[in-house]
Amino acid sequence: MSTDQPANAERDYLSSFTAHTRVVAAGRPARESDAGVNPSIDLNSTFIAPGSVGYGRYGNQTWSALESAIESLEGGKTLVFASGMAAISAVLSILPKGAVIVASRNGYTGTMTLLKRAQESGHAEVRYVDIANTQEVLAEIKGAMLLWIESPTNPALEVADLPTIIAAAKSINVGVAVDNTFATPLVQTPLAMGADVVIHSLTKYISGHSDVILGSISTNDDALLNRLNDARKMAGAIPGPFEVWIALRGLRTLALRMDRAQSNALELAIRLSSHPAVEKVRYPGLATDPHHAMAKSFMKGFGAVVSFDVKGGAQAADLACESSELVAFATSLGGVESLWERRHRWSAESPTIPTNLIRLSVGIEDVDDLWRDIDAALTKSQTFQK
Ligand SMILES: Cc1ncc(COP(=O)(O)O)c(C=O)c1O
């Protein structure tokens, strides 16, 4: 969108491939003699006039490459932002004062904080719902301007009935935004279900190596795209070309990484379920999980985050996180390396999340190596009570 979105011919050519191929093939330069196979890192703050870009805060060839790659996965024209939070802020910034927003009561703490602030300042009225309770969502969206969906939710891993609630919202002209960070476009594509915008923290799975902070918004609505592009320009929430290039490089292995991370996540969730230090495991891939049937009905995978509650409370959970040697005690998710943390170490975490819940972002390491480390750390966590 910033400079030149892929030509229709490129779009048609890519659409004949599966997403596993598109992560590799999309966002490449045109195949001309001596063209690079990768886009260049476009280090320019300004461009010769007259032209379609004009200035470095309005567009950049490296942005365009990543934007067209995400477009080919999410199915909507895309804008990259300086962070996931910048993307979320851009969406909220274009709502008029007094807008009614229906949002999940569990979700990423940054989003929850923005919603709380919008409510407290009188900018918006926020109706919080259990996003996995379809009847509750359907009742609350009446008269709303925006349905904000995160699914699976961070960190409770609840799964919303996306096809039903998106269709219901659209049938009564409620706008729908979906934060697709946890699922990735390989697992679900909300624009195809009718959502108006899809948001990503590209920091996570799409970049995949815990080395950049970036975000994106995708939409099929040109008028909305223009407003969001204007919001990006005016807030100046723009990414650096180098970070964008790194993200595009990371995207090339998204399918391989997701396949491996998801199969590791399922195996670890199964093993955690019978670990004596674990009270409860939350992972929609487990057949016993309350969200399994819903996830299976429309998702093409279950993601690679596993949350679980540790016996012995918050201090035992902290001890587990501090005791691991392979799994890093750090926030964030979606990288090749496994990370974990007790979510309530952050004061903004929702009160509905148990204080002993650990969120484990499962990476692509050998699953037996991961298990040895997790098992040892959890076993040590139980010595806290003695
Ligand atoms: C679901 C979700 N959305 C958005 C964000 C914010 O993204 P960023 O850290 O790139 O600003 C996060 C960060 O953890 C997240 O988990």
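Basis of the calculations
Residues numbered from 1 in each chain as written. Predicted model: local features only at pLDDT ≥ 70, side-chain atom pairs only at ≥ 80, totals over all residues. Heavy atoms only, no water. Helix = DSSP H or I, 4+ residues; strand = E, 2+ residues; numbered from the N terminus. Rg over C-alpha atoms; globule rule 2.2 N^0.38 Å. Buried < 20%, exposed > 50% of the residue type's maximum accessible area, 1.4 Å probe, protein only. Contact = heavy atoms within 4.5 Å. Salt bridge = Lys/Arg side-chain N within 4 Å of Asp/Glu carboxyl O. Pairing = 2+ DSSP bridges. Axes fitted to C-alpha atoms, helices over the stretch in contact; angles between N-to-C directions. Core = buried A, V, L, I, M, F, W, Y, C linked by side-chain atoms within 4.5 Å. Domains from an automatic or database assignment. Near = heavy atom within 4 Å. Polar contact = N/O pair within 3.5 Å; in protein donor to acceptor, adjacent residues only side chain to side chain. Areas by Shrake-Rupley, 256 points an atom, 1.4 Å probe, with all protein chains shown as cover. Nonpolar A, V, L, I, M, F, W, Y, C, P; charged D, E, K, R; others polar. Left-handed = near helix turned anticlockwise from the far one by under 90°.

## Quick notes on the overall build of the protein chain
- When its secondary structure is counted, the protein chain shows 13 helices and twelve strands.
- Relative to the compact-globule value of 21 Å for 386 residues, the protein chain shows a C-alpha radius of gyration of 21 Å, a close match.
- Along the first, second and third principal axes, the C-alpha atoms of the protein chain reach 75 × 50 × 35 Å.
- Relative to its 386 residues, the protein chain shows a buried fraction of 56%.
- Of all intrachain contacts in the protein chain linking residues separated by at least 6 positions in sequence, the fraction that spans at least 24 positions is 69%.

## Considering the pattern of salt bridges
- Throughout the structure, instances matching the rule amount to 15 salt bridges.
- Of the charged contacts, one joins D196 and K170 as a salt bridge, the two residues approaching to 2.8 Å between their closest N and O atoms. Here the residue D196 occupies a position in the loop between β5 (175–179) and β6 (197–201), and K170 occupies one in helix α7 (residues 162–171), the gap between them amounting to 26 residues.
- For D196, a relative accessible area of 17% gives the class buried.
- With a shortest N-O distance of 2.9 Å, E341 and R345 are connected by a salt bridge.
- Several salt bridges converge on common partners, so that one network encompasses E341, R343, R345, E349 and R359.

## Quick look at the sheet that holds strand β9 (residues 305–310)
- Here we have five strands laid out as an open sheet, ordered β8-β9-β12-β11-β10, and mixed in their pairing. Every interior strand has two partners, whereas the edge strands, β8 (278–282) and β10 (328–329), have only one.
- With two bridges connecting them, β10 and strand β11 (residues 339–342) associate as parallel partners. When the sheet's bridge partners are listed, F329 is paired in β11 with W340.
- Sheet strands touched by helix α12 (residues 313–323): β9, β10, β11 and β12 (357–361). Its angle to β11, the strand with the most contacts, is close to 155 degrees.

## Some details on the nonpolar core
- Ranked by size, the top nonpolar core spans 84 residues in total, and within it L147, I149, L272, F308 and W340 carry the most contacts.
- Counting residues per element, this core draws most heavily on helix α10 (residues 254–273), which supplies eight residues.
- Built from parts of two domains, this core gets at least three residues from each of domain 1 (8–251) and domain 2 (254–385).
- In this view, L272 contacts V278, V281, V306, F308, L360, W371, I374 and L378; residues no more than four positions away in its chain are not counted.
- One finds A90, A124, L146 and I199 within the second-largest nonpolar core, a separate group that totals 28 residues.

## Quick look at the site of the ligand
- Close to the ligand lie 15 residues; M85, D179, S201, T203 and K204 are nearest.
- Backbone polar atom of G84 to an oxygen atom of the ligand: 2.9 Å apart, as the coordinates give it.
- Contact between the ligand and M85: an oxygen atom at 2.8 Å from a main-chain N or O atom of the residue.
- In isolation the ligand offers 390 Å² of accessible surface; the protein chains occlude 92% of this area.
- Examining the composition of the shell around the ligand, we find that three residues originate from one element, helix α4 (residues 84–93), more than from any other.
- Taken together, the residues of the shell around the ligand sort by class into six nonpolar, six polar and three charged.

## Some remarks on the packing of α10 against helix α13 (residues 367–381)
- Between α10 and α13, the shortest axis-to-axis distance is 11 Å and the interhelical angle comes to 35 degrees. The handedness of the crossing between α10 and α13 comes out as right-handed. Residues N264, E267, L268, R271 and L272 of α10 form the contact with α13, whose own contacting residues are V367, D368, L370, W371, I374 and L378.
- Considering only residue class, the contact of α10 with α13 consists of seven nonpolar, one polar and three charged.

## Brief notes about the domain arrangement of the protein chain
- On domain assignment, one finds that the protein chain holds domain 1 (8–251) and domain 2 (254–385).
- Placing a centre on the C-alpha atoms of domain 1 and another on those of domain 2 gives a separation of 26 Å.
- If you look at the interface, domain 1 gives 35 residues, while domain 2 gives 36 residues.
- Inspection of the region where domain 1 meets domain 2 yields zero salt bridges.
- Between domain 1 and domain 2 we count 13 residue pairs in polar contact (both at pLDDT 80 or more) in total.
- Among the residues making up the side of domain 1 that touches domain 2, the classes are represented as 18 nonpolar, 13 polar and four charged.

## Observations regarding the sheet that holds strand β4 (residues 146–150)
- If you trace the seven strands from one edge of the open sheet to the other, you get β1-β7-β6-β5-β4-β2-β3, paired in mixed fashion. Edge positions in the sheet fall to β1 (77–81) and β3 (124–129), since each has one partner strand and no second. Geometrically, the sheet is characterised by an average inter-axis angle of 20 degrees between neighbouring strands, direction not taken into account.
- With five bridges connecting them, β4 and β5 associate as parallel partners. Its bridge partner lying in β5, I149 is registered against V178.

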